[in-house]
Amino acid sequence: GNSVTQMEGPVTLSEEAFLTINCTYTATGYPSLFWYVQYPGEGLQLLLKATKADDKGSNKGFEATYRKETTSFHLEKGSVQVSDSAVYFCALNNAGNMLTFGGGTRLMVKP
Amino acid sequence: GAGVSQSPRYKVAKRGQDVALRCDPISGHVSLFWYQQALGQGPEFLTYFQNEAQLDKSGLPSDRFFAERPEGSVSTLKIQRTQQEDSAVYLCASSPHHTRDRGRSGANVLTFGAGSRLTVL
(Lines give C-alpha, C1' and ligand atoms only; values in the text may rest on other atoms or scores of the structure.)
Protein backbone atom coordinates (compact mmCIF):
# COMPACT_ATOMS: atom_id res chain seq x y z
CA GLY A 1 0.00 0.00 0.00
CA ASN A 2 0.89 3.68 0.04
CA SER A 3 2.64 5.30 2.97
CA VAL A 4 4.54 8.48 3.78
CA THR A 5 7.13 8.87 6.50
CA GLN A 6 8.45 12.24 7.59
CA MET A 7 10.80 13.33 10.31
CA GLU A 8 9.27 13.92 13.71
CA GLY A 9 9.24 17.37 15.15
CA PRO A 10 9.29 19.82 16.53
CA VAL A 11 12.06 21.35 14.48
CA THR A 12 13.26 24.53 16.16
CA LEU A 13 15.39 26.96 14.18
CA SER A 14 16.59 30.50 14.46
CA GLU A 15 15.48 33.02 11.85
CA GLU A 16 17.53 32.83 8.60
CA ALA A 17 18.65 29.25 9.31
CA PHE A 18 18.56 26.54 6.64
CA LEU A 19 15.61 24.15 6.79
CA THR A 20 15.37 20.51 5.75
CA ILE A 21 12.35 18.33 6.54
CA ASN A 22 12.84 14.76 5.35
CA CYS A 23 10.07 12.82 3.63
CA THR A 24 10.19 9.32 2.16
CA TYR A 25 7.38 7.35 0.61
CA THR A 26 6.27 3.88 -0.37
CA ALA A 27 3.98 3.49 -3.36
CA THR A 28 3.40 1.40 -6.43
CA GLY A 29 3.56 3.07 -9.79
CA TYR A 30 4.24 6.77 -10.19
CA PRO A 31 2.58 8.89 -7.52
CA SER A 32 2.39 12.67 -7.43
CA LEU A 33 4.02 14.20 -4.37
CA PHE A 34 2.97 17.22 -2.33
CA TRP A 35 3.89 19.38 0.60
CA TYR A 36 1.01 20.97 2.51
CA VAL A 37 1.36 23.54 5.29
CA GLN A 38 -1.03 24.10 8.20
CA TYR A 39 -0.83 27.43 10.02
CA PRO A 40 -2.45 27.66 13.47
CA GLY A 41 -6.24 27.73 13.23
CA GLU A 42 -6.24 27.35 9.46
CA GLY A 43 -6.83 24.59 6.95
CA LEU A 44 -4.18 22.73 5.03
CA GLN A 45 -2.72 24.76 2.19
CA LEU A 46 -0.83 23.37 -0.77
CA LEU A 47 2.77 24.55 -0.61
CA LEU A 48 4.26 22.80 -3.62
CA LYS A 49 3.98 19.68 -5.72
CA ALA A 50 5.85 17.47 -8.19
CA THR A 51 4.28 14.98 -10.55
CA LYS A 52 7.18 12.94 -11.94
CA ALA A 53 10.70 11.88 -11.15
CA ASP A 54 13.31 14.67 -11.02
CA ASP A 55 10.62 17.39 -10.99
CA LYS A 56 11.33 20.20 -8.55
CA GLY A 57 8.41 21.90 -6.88
CA SER A 58 8.97 25.38 -5.49
CA ASN A 59 6.97 28.13 -3.80
CA LYS A 60 7.67 30.96 -1.33
CA GLY A 61 11.35 30.02 -1.17
CA PHE A 62 10.60 26.37 -0.38
CA GLU A 63 11.81 23.61 -2.70
CA ALA A 64 11.47 19.84 -2.95
CA THR A 65 12.77 17.45 -5.61
CA TYR A 66 11.03 14.19 -6.53
CA ARG A 67 13.75 11.53 -6.16
CA LYS A 68 12.47 8.19 -7.39
CA GLU A 69 15.76 6.38 -6.77
CA THR A 70 15.60 7.20 -3.06
CA THR A 71 11.76 7.49 -2.88
CA SER A 72 12.18 10.87 -1.23
CA PHE A 73 10.72 14.38 -1.43
CA HIS A 74 12.64 16.40 1.15
CA LEU A 75 11.50 19.98 1.82
CA GLU A 76 14.16 22.69 1.96
CA LYS A 77 14.36 26.43 2.46
CA GLY A 78 17.53 28.44 2.50
CA SER A 79 16.49 31.06 5.06
CA VAL A 80 13.46 30.56 7.28
CA GLN A 81 11.36 33.35 8.78
CA VAL A 82 9.26 33.47 11.94
CA SER A 83 6.18 33.47 9.69
CA ASP A 84 7.15 30.01 8.41
CA SER A 85 6.28 28.52 11.81
CA ALA A 86 3.61 25.92 11.06
CA VAL A 87 3.05 22.18 10.65
CA TYR A 88 4.26 20.72 7.35
CA PHE A 89 2.75 17.59 5.82
CA CYS A 90 4.24 15.49 3.04
CA ALA A 91 1.65 13.62 0.96
CA LEU A 92 1.28 11.45 -2.10
CA ASN A 93 -1.52 10.86 -4.58
CA ASN A 94 -1.60 7.51 -6.32
CA ALA A 95 -4.37 6.41 -8.67
CA GLY A 96 -6.21 9.63 -7.98
CA ASN A 97 -8.72 8.85 -5.29
CA MET A 98 -7.06 10.14 -2.16
CA LEU A 99 -4.07 11.83 -0.62
CA THR A 100 -1.97 9.78 1.78
CA PHE A 101 -0.32 12.02 4.38
CA GLY A 102 2.69 11.72 6.62
CA GLY A 103 2.37 12.45 10.31
CA GLY A 104 3.38 16.10 10.01
CA THR A 105 6.43 18.03 11.23
CA ARG A 106 6.03 21.10 13.39
CA LEU A 107 8.47 23.91 12.59
CA MET A 108 9.15 26.61 15.14
CA VAL A 109 11.26 29.58 14.05
CA LYS A 110 12.57 31.89 16.75
CA PRO A 111 13.54 35.53 16.14
CA GLY B 1 -17.76 30.57 -2.40
CA ALA B 2 -14.16 31.72 -2.18
CA GLY B 3 -13.03 28.67 -0.25
CA VAL B 4 -14.17 25.47 1.41
CA SER B 5 -16.38 26.30 4.39
CA GLN B 6 -16.97 23.92 7.30
CA SER B 7 -19.36 24.19 10.22
CA PRO B 8 -19.40 24.06 13.11
CA ARG B 9 -15.75 24.95 13.72
CA TYR B 10 -15.96 23.43 17.20
CA LYS B 11 -18.35 20.83 18.57
CA VAL B 12 -18.44 19.29 22.02
CA ALA B 13 -20.62 16.19 22.34
CA LYS B 14 -21.41 13.84 25.16
CA ARG B 15 -20.59 10.22 24.53
CA GLY B 16 -23.52 8.59 22.76
CA GLN B 17 -24.78 11.76 21.07
CA ASP B 18 -25.17 12.03 17.32
CA VAL B 19 -23.33 14.84 15.49
CA ALA B 20 -23.52 16.29 12.00
CA LEU B 21 -20.68 18.19 10.35
CA ARG B 22 -21.26 20.29 7.26
CA CYS B 23 -18.99 21.06 4.33
CA ASP B 24 -19.61 23.71 1.66
CA PRO B 25 -17.11 23.05 -1.14
CA ILE B 26 -15.95 25.58 -3.67
CA SER B 27 -18.75 26.20 -6.14
CA GLY B 28 -18.52 23.90 -9.13
CA HIS B 29 -16.01 21.52 -7.62
CA VAL B 30 -16.75 17.97 -8.69
CA SER B 31 -14.76 16.02 -6.13
CA LEU B 32 -15.22 16.18 -2.36
CA PHE B 33 -13.20 14.40 0.30
CA TRP B 34 -13.52 13.93 4.06
CA TYR B 35 -10.47 13.32 6.25
CA GLN B 36 -10.04 12.70 9.97
CA GLN B 37 -7.06 14.26 11.74
CA ALA B 38 -6.33 13.05 15.25
CA LEU B 39 -4.28 15.28 17.55
CA GLY B 40 -0.65 15.35 16.45
CA GLN B 41 -1.28 13.09 13.45
CA GLY B 42 -1.61 13.49 9.72
CA PRO B 43 -5.03 13.47 8.08
CA GLU B 44 -6.52 10.05 7.36
CA PHE B 45 -8.86 9.50 4.41
CA LEU B 46 -12.50 8.78 5.24
CA THR B 47 -14.58 9.02 2.08
CA TYR B 48 -14.79 10.54 -1.40
CA PHE B 49 -17.63 11.88 -3.57
CA GLN B 50 -17.74 12.63 -7.25
CA ASN B 51 -20.74 14.92 -7.61
CA GLU B 52 -23.49 13.16 -5.61
CA ALA B 53 -22.00 9.67 -5.93
CA GLN B 54 -20.01 8.29 -3.01
CA LEU B 55 -17.31 6.40 -4.88
CA ASP B 56 -15.06 5.40 -2.00
CA LYS B 57 -15.95 5.00 1.67
CA SER B 58 -13.18 2.62 2.55
CA GLY B 59 -11.78 4.92 5.23
CA LEU B 60 -14.91 5.21 7.36
CA PRO B 61 -13.90 3.61 10.67
CA SER B 62 -17.26 2.05 11.53
CA ASP B 63 -20.90 1.92 10.52
CA ARG B 64 -21.52 4.79 12.95
CA PHE B 65 -20.01 7.08 10.34
CA PHE B 66 -22.15 8.15 7.39
CA ALA B 67 -21.61 10.80 4.73
CA GLU B 68 -23.88 12.18 2.05
CA ARG B 69 -23.84 14.76 -0.72
CA PRO B 70 -27.36 14.53 -2.11
CA GLU B 71 -27.25 17.37 -4.64
CA GLY B 72 -23.60 17.18 -5.53
CA SER B 73 -22.59 20.30 -3.61
CA VAL B 74 -22.92 20.53 0.20
CA SER B 75 -21.89 17.42 2.10
CA THR B 76 -22.69 16.25 5.63
CA LEU B 77 -20.65 13.84 7.72
CA LYS B 78 -22.77 12.23 10.43
CA ILE B 79 -21.42 10.32 13.39
CA GLN B 80 -23.91 8.32 15.42
CA ARG B 81 -23.49 7.36 19.06
CA THR B 82 -20.20 9.23 19.36
CA GLN B 83 -17.31 7.66 21.27
CA GLN B 84 -14.28 9.32 22.83
CA GLU B 85 -12.03 7.91 20.10
CA ASP B 86 -14.04 9.94 17.57
CA SER B 87 -12.49 13.13 18.98
CA ALA B 88 -10.52 14.68 16.11
CA VAL B 89 -10.54 17.44 13.53
CA TYR B 90 -12.66 16.52 10.53
CA LEU B 91 -11.36 18.08 7.33
CA CYS B 92 -13.25 18.55 4.11
CA ALA B 93 -11.51 19.15 0.77
CA SER B 94 -12.72 19.74 -2.76
CA SER B 95 -11.24 19.64 -6.23
CA PRO B 96 -12.51 20.81 -9.60
CA HIS B 97 -11.40 17.59 -11.27
CA HIS B 98 -12.62 14.08 -11.49
CA THR B 99 -10.00 11.97 -9.75
CA ARG B 100 -9.03 10.30 -13.01
CA ASP B 101 -8.57 13.64 -14.74
CA ARG B 102 -5.34 15.04 -13.44
CA GLY B 103 -5.55 18.15 -15.58
CA ARG B 104 -2.63 19.83 -17.26
CA SER B 105 -0.74 20.09 -14.02
CA GLY B 106 -0.71 16.33 -13.78
CA ALA B 107 -1.93 16.26 -10.20
CA ASN B 108 -5.29 16.41 -8.49
CA VAL B 109 -4.90 19.43 -6.18
CA LEU B 110 -7.25 19.61 -3.21
CA THR B 111 -8.41 22.78 -1.40
CA PHE B 112 -9.06 22.15 2.29
CA GLY B 113 -11.44 23.78 4.71
CA ALA B 114 -10.34 24.86 8.20
CA GLY B 115 -11.91 21.78 9.73
CA SER B 116 -14.45 20.95 12.42
CA ARG B 117 -12.92 20.05 15.78
CA LEU B 118 -15.02 17.42 17.56
CA THR B 119 -14.48 16.72 21.25
CA VAL B 120 -16.41 13.81 22.75
CA LEU B 121 -16.63 13.84 26.53
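Each value, and the rule that gives it
- Residue numbers restart at each chain and count upward from 1, following the sequence in its written direction.
- By the order in which they are written, chains take letters starting at A while ligands take numbers starting at 1.
- Only residues with pLDDT of at least 70 get local features here, since the model is predicted, and only at 80 or more are side-chain atom pairs given and counted; chain-wide, interface and lining totals rely on the full set of residues.
- By convention in this description, side-chain values take in all heavy atoms of the structure and omit both hydrogens and water.
- Secondary structure elements follow DSSP: runs of H or I no shorter than four residues count as helices, runs of E no shorter than two count as strands, and numbering proceeds from the N terminus.
- The quantity called the radius of gyration is restricted to C-alpha atoms. Its globule counterpart is 2.2 Å times the number of residues to the power 0.38.
- For the exposure calls, accessible area comes from a 1.4 Å probe over protein chains only, and a residue counts as buried if that area is under 20% of its type's maximum, exposed if over 50%, partly exposed in between.
- The contact criterion used is simple: two residues touch if any of their non-hydrogen atoms lie within 4.5 Å.
- When charges are counted, Lys and Arg are positive and Asp and Glu negative, with His and the chain ends excluded.
- Taken as the charge centre is NZ of Lys, CZ of Arg, CG of Asp or CD of Glu, depending on the residue.
- Should DSSP find at least two bridges between two strands, the strands are taken to pair.
- All axes here are fitted lines through C-alpha atoms, helices being fitted over the stretch that makes contact, and every angle between N-to-C directions spans 0 to 180 degrees.
- For every residue, the predictor states its confidence as a pLDDT score lying anywhere from 0 to 100.
- Pairing of aromatic side chains here covers Phe, Tyr and the six-membered ring of Trp, requires ring centres within 6.5 Å, and sorts the geometry by plane angle: under 30 degrees stacked, over 60 edge-to-face, intermediate tilted.

**Let's talk about the overall build of chain B**
Reasoning step 1: The helix and strand tally for chain B stands at zero helices and eleven strands.
Reasoning step 2: For chain B, the α and β elements follow one another from N to C terminus as β-β-β-β-β-β-β-β-β-β-β.
Reasoning step 3: Taking 14 Å as the expected radius of gyration for a compact globule of 121 residues, we find that chain B reaches 14 Å, a close match to that expectation.
Reasoning step 4: In terms of principal-axis extent, the alpha carbons of chain B reach across some 45 × 25 × 25 Å.
Reasoning step 5: A total of 121 residues make up chain B; the buried ones form 45% of that total.
Reasoning step 6: Taking the intrachain contacts of chain B between residues at least 6 apart in sequence as the baseline, contacts between residues at least 24 apart amount to 57%.
Reasoning step 7: Where the 14 positive side-chain charges of chain B centre and where its 11 negative ones centre are 5 Å apart.

**Focus on the overall build of chain A**
Reasoning step 1: When helices and strands are counted, chain A shows zero helices and twelve strands.
Reasoning step 2: Along chain A, from the amino end to the carboxyl end, the secondary structure elements read β-β-β-β-β-β-β-β-β-β-β-β.
Reasoning step 3: C-alpha atoms of chain A, sized along the principal axes, occupy 45 × 25 × 20 Å.
Reasoning step 4: Residues classed as buried in chain A amount to 46% of the 111 residues present.
Reasoning step 5: For chain A, the share of sequence-separated contacts (at least 6 apart) that also reach a separation of at least 24 residues comes to 55%.

**A short note on the sheet that holds strand 7 (residues 56-59) of chain A**
All names here are of chain A.
Reasoning step 1: Reading across the sheet, the four strands line up as 3-9-8-7 and stay open at both edges, with antiparallel pairing between neighbours. With one partner strand each, in any of the chains shown, strand 3 (19-21) and strand 7 form the two edges of the open sheet. For this sheet, the mean inter-axis angle between neighbouring strands, taken without regard to orientation, is 15 degrees.
Reasoning step 2: Sheet topology note: the strand 3/strand 9 (residues 75-77) ladder contains three bridges and is antiparallel. Bridge assignment links Thr20 to a residue of strand 9, and that residue is Glu76.

**Things to note about the confidence of the model for chain B**
Reasoning step 1: Mean pLDDT for chain B: 91, with 90% of residues reaching 70 or above.
Reasoning step 2: The low-confidence segment residues 102-106 of chain B (pLDDT under 50) makes twelve contacts with residues lying over four places distant or belonging to another chain.

**As for the packing of aromatic side chains**
Reasoning step 1: Per the stated rule, a full pass over the model turns up twelve aromatic pairs over all chains.
Reasoning step 2: Measuring from ring centre to ring centre gives 6.2 Å for Phe34 of chain A and Tyr36 of chain A, while their planes differ by 35 degrees; the resulting arrangement is tilted.
Reasoning step 3: The buried category is assigned to Phe34 of chain A, whose relative accessible area is 0%.
Reasoning step 4: Classification of Tyr36 of chain A as buried rests on a relative accessible area of 0%.
Reasoning step 5: Ring-pair connections join several aromatic residues into one group, and the members of that group are Phe34, Tyr36, Phe89 and Phe101 of chain A together with Tyr35, Phe45 and Phe112 of chain B.

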